[in-house]
Amino acid sequence: MHPQSQQSSFSFTVGARLEETTGRPDGQARRHGRTGVISTPHGEIATPAFIPVGTKATVKSVLPESMKDLGAQALLANAYHLYLQPGPDILDEAGGLGAFMNWPGPTFTDSGGFQVMSLGSGFKKVINMDVPSGSEAAGADDRVAAGKERLAHIDDDGVWFKSHLNGDRHRFSPEISMQVQHQLGADVMFAFDELTTLMNSRGYQEESLERTRLWAERCIVEHERLSKERSHRPYQALFGVIQGAQYEDLRRKASQDLGSMNFDGFGIGGALEKENLGTILGWCSEELPEDKPRHLLGISEPDDLFTGIENGADTFDCVSPTRVARNSAFYTPDGRWNLSNARFRRDFSPLVEGCDCYTCTNYTRAYIHHLFKAKEMVSATLISIHNERFVVRMVDDARAAIADGTFYDLKAEILGRYYASSPAR
């Protein structure tokens, strides 16, 4: 089967547009929010949608069956981690990521580009590294996090890196990333890119953007070769990744450059100043093709989700719901609370009254508080189920609100209540 005919198994259809269903209450410029449907060989994704992260082919502490029951439409795994363990050949032999982890729905894999930054500078999971302009750290292209060793070295052809598991040396390039991701077998994969930080100089941002553009071209060539070679497997969509940090001209250039290439969709990534998230995303949405989906990488906070939806993001992923659950934090309409607090010891109500998740319909705060204090692993499972359901449902509600013209009312209601007393605000 020719790659072009294979490609017909992946599509995106735009539904209701935010500007058509409701005007902005403050009369400001157009927004790009919309509903839609992404069709993949393993099912459809109604957008906007939150895509929970199963880094190592598992959402930490949660069974795939539970993720399906709580309404997750797709899951995202990490190509870097699965490359190191158990190895992409194992997943290929198993029939791909979904079959390997017993997940019947659509799957995503990222390219490993994030790990290039995190291993290279030691900042790990931080992408919003706000640095005051003029500070000593700003423009520090070779800066490494305190106490960390530089484990990755970037050149124009790719990246040499050391495994965080055993120190072995490995090579990633656009071609290798495509080969790995094709073996992993996800429905959606991302082009190999370089993720910069807000601390990089303007000059380095320009250099990196050009490197990512050239890598994107190489990814497409290798992707098309592998799609033809592996025509016995379902078609895998390839998304280009838009970088450019906080610079409007660089974001627009990246969107124009990659938008003109034969990508199936686009990831919008990189270091983002939280207060400028909507503006940056708007720049990208204005330049990218309207008929292709946009995935905003690494976002799950309620205000960021609504900002992302409003400005044109169709899907989102983030590890936060399960990560905070492992520290006893759970989401409520009134903010994020810590279940380890003593006040929950005799609280026999559910995590959230009226929540339809498995945890809230079967267990109490007092019981899960006990599990956490007793260091029982199931505490993380129960809180993770609730947190994932909370975020998935919020985005589902936003999707419905775009269609029925109540998006801004829903946004004001949810964010006004969530951040009224939240210490995170």
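Rules used throughout
- Residues numbered from 1 in each chain as written.
- Predicted model: local features only at pLDDT ≥ 70, side-chain atom pairs only at ≥ 80, totals over all residues.
- Heavy atoms only, no water.
- Helix = DSSP H or I, 4+ residues; strand = E, 2+ residues; numbered from the N terminus.
- Buried < 20%, exposed > 50% of the residue type's maximum accessible area, 1.4 Å probe, protein only.
- Contact = heavy atoms within 4.5 Å.
- Areas by Shrake-Rupley, 256 points an atom, 1.4 Å probe, with all protein chains shown as cover.
- Pairing = 2+ DSSP bridges.
- Axes fitted to C-alpha atoms, helices over the stretch in contact; angles between N-to-C directions.
- Salt bridge = Lys/Arg side-chain N within 4 Å of Asp/Glu carboxyl O.
- Core = buried A, V, L, I, M, F, W, Y, C linked by side-chain atoms within 4.5 Å.
- pLDDT = per-residue confidence, 0-100.
- Parallel < 35°, antiparallel > 145°, perpendicular 65-115°, else oblique.
- Nonpolar A, V, L, I, M, F, W, Y, C, P; charged D, E, K, R; others polar.
- Phe/Tyr/Trp six-rings, centres within 6.5 Å; stacked < 30°, edge-to-face > 60°.
- Lys NZ or Arg CZ within 6 Å of the ring centre and 35° of its normal.
- Left-handed = near helix turned anticlockwise from the far one by under 90°.

Caption draft 1: Spotlight on the overall build of the chain. Helix and strand counts for the chain come out as 17 helices and 16 strands. Every one of the 425 residues in the chain was classed for burial, and the buried ones make up 58%. Here the analysis covers contacts within the chain between residues at least 6 apart in sequence; of these, 69% occur between residues at least 24 apart. When the accessible area of the chain is evaluated, it comes to approximately 17,500 Å², of which 49% is carbon and sulfur surface.

Caption draft 2: Broad picture of the sheet that holds strand S8 (residues 159-162). With antiparallel pairing, 3 strands are arranged side by side in an open sheet as S7-S8-S9. Edge positions in the open sheet fall to strand S7 (152-154) and strand S9 (169-172), since each of these has one partner strand only. With direction set aside, neighbouring strand axes in the sheet form an average angle of 20°. Both S8 and S9 contribute to a ladder of 4 bridges, which runs antiparallel. Residue pairing for S9: Val-159 is matched across the bridge by Phe-172.

Caption draft 3: Here's a closer look at helix H15 (residues 365-373). Within the span of H15, buried status applies to Arg-365, Ala-366, Ile-368, His-369 and Leu-371. Contacts made by the buried residues of H15 are with strand S15 (329-332), strand S16 (335-338), helix H14 (358-362) and helix H16 (378-404). Count one or two residues on from H15 and you reach Lys-375, which has phi positive near 60°.

Caption draft 4: Just the pattern of salt bridges, in detail. Here the structure, examined in full by the defined rule, presents 33 salt bridges. Across the salt bridge formed by Glu-301 and Arg-336, the nearest N and O atoms sit 4.0 Å from each other. Placement of Glu-301 in the loop between strand S13 (294-297) and helix H12 (302-310) and of Arg-336 in strand S16 is noted, with a sequence separation of 35 residues between them. A relative accessible area of 31% means that Arg-336 is categorised as partly exposed. Put simply, Arg-417 and Asp-334 hold a salt bridge, and the shortest N to O gap is 2.8 Å. Of the two residues, Arg-417 sits in helix H17 (residues 407-418) while Asp-334 sits in the loop between S15 and S16, which places them 83 residues apart along the sequence. The class of Asp-334 is partly exposed, set by a relative accessible area of 25%.

Caption draft 5: Geometry of the nonpolar core. In terms of nonpolar packing, the biggest core is built from 93 residues, with Phe-263, Leu-296 and Phe-407 touching the most fellow members. Element by element, the count of residues in this core is highest for H16, at 11 residues. The contacts of Leu-296, once residues within four sequence positions are left out, are Ile-268, Leu-272, Leu-277, Leu-281, Gly-308, Ala-313, Thr-315, Phe-316 and Asp-317. With 16 residues, the next largest nonpolar core counts Ile-45, Val-53, Leu-76 and Tyr-235 among its residues.

Caption draft 6: The arrangement of the confidence of the model for the chain in detail. Averaged over all residues, the pLDDT of the chain is 89; the fraction at 70 or higher stands at 87%. Contacts of residues 122-139 to residues separated by more than four positions or lying in other chains number 41 contacts, the stretch itself having pLDDT below 50.

Caption draft 7: Fine view of the sheet that holds strand S3 (residues 43-47). Judged by pairing direction, the sheet is antiparallel, and its 3 strands sit side by side in the order S1-S2-S3 without closing on themselves. For this open sheet the edge positions go to strand S1 (11-17) and S3, each flanked by a neighbour on one side alone. For this sheet, the mean inter-axis angle between neighbouring strands, taken without regard to orientation, is 15°. Note: S1 against strand S2 (residues 34-40), 5 bridges, orientation antiparallel. Its bridge partner lying in S2, Thr-13 is registered against Val-37.

Caption draft 8: Fine view of the packing of helix H9 (residues 202-229) against helix H10 (residues 248-259). For the pair H9 and H10, the least separation of the axes is 11 Å and the interaxial angle reads 10°. Considered as vectors, H9 and H10 are oriented roughly parallel to each other. From H9, Arg-202, Gln-205, Glu-206, Leu-209, Glu-210, Arg-213 and Ala-216 reach across to H10, where they touch Asp-249, Leu-250, Lys-253, Ala-254, Asp-257 and Leu-258. Residues belonging to the contact of H9 with H10 are distributed by class as follows: 5 nonpolar, 1 polar and 7 charged.

Caption draft 9: A look at the packing of aromatic side chains. Summed over the entire model, instances satisfying the criterion amount to 18 aromatic pairs. Ring plane angle 55° and centroid distance 5.5 Å describe the contact between Tyr-80 and Phe-161, whose orientation is recorded as tilted. In this pair, Tyr-80 is assigned in helix H4 (residues 79-84) and Phe-161 in strand S8, connecting sequence segments 81 residues apart. Relative accessible area serves as the criterion here: at 5%, Phe-161 is assigned to the buried category. Their ring planes at 15° and their centres at 5.6 Å tell us that Tyr-363 and Tyr-367 sit as a pair that is stacked. Judged by relative accessible area, which is 26%, Tyr-363 ranks as partly exposed. By way of ring pairs, the aromatic residues Tyr-80, Tyr-83, Phe-161, Phe-172, Phe-192 and Trp-215 are connected into one cluster. Looking at Arg-202, its charged tip hangs above the ring of Tyr-247, at a distance of 4.9 Å from the centre. The residue whose ring lies beneath Arg-343 is Trp-337, and the NZ or CZ to ring-centre distance is 5.2 Å.

Caption draft 10: Structural context of the packing of H12 against H17. Put simply, H12 and H17 touch, their axes get as near as 10 Å, and they point 165° apart. It follows that H12 is roughly antiparallel to H17 by the angle criterion. The chirality of how H12 crosses H17 is left-handed. Each of Pro-302, Asp-303, Phe-306, Ile-309 and Glu-310 in H12 lies in contact with H17, whose residues at this interface are Phe-407, Tyr-408, Leu-410, Lys-411, Ile-414, Leu-415 and Tyr-418. Residue composition of the contact of H12 with H17, grouped by class: 9 nonpolar, no polar and 3 charged.

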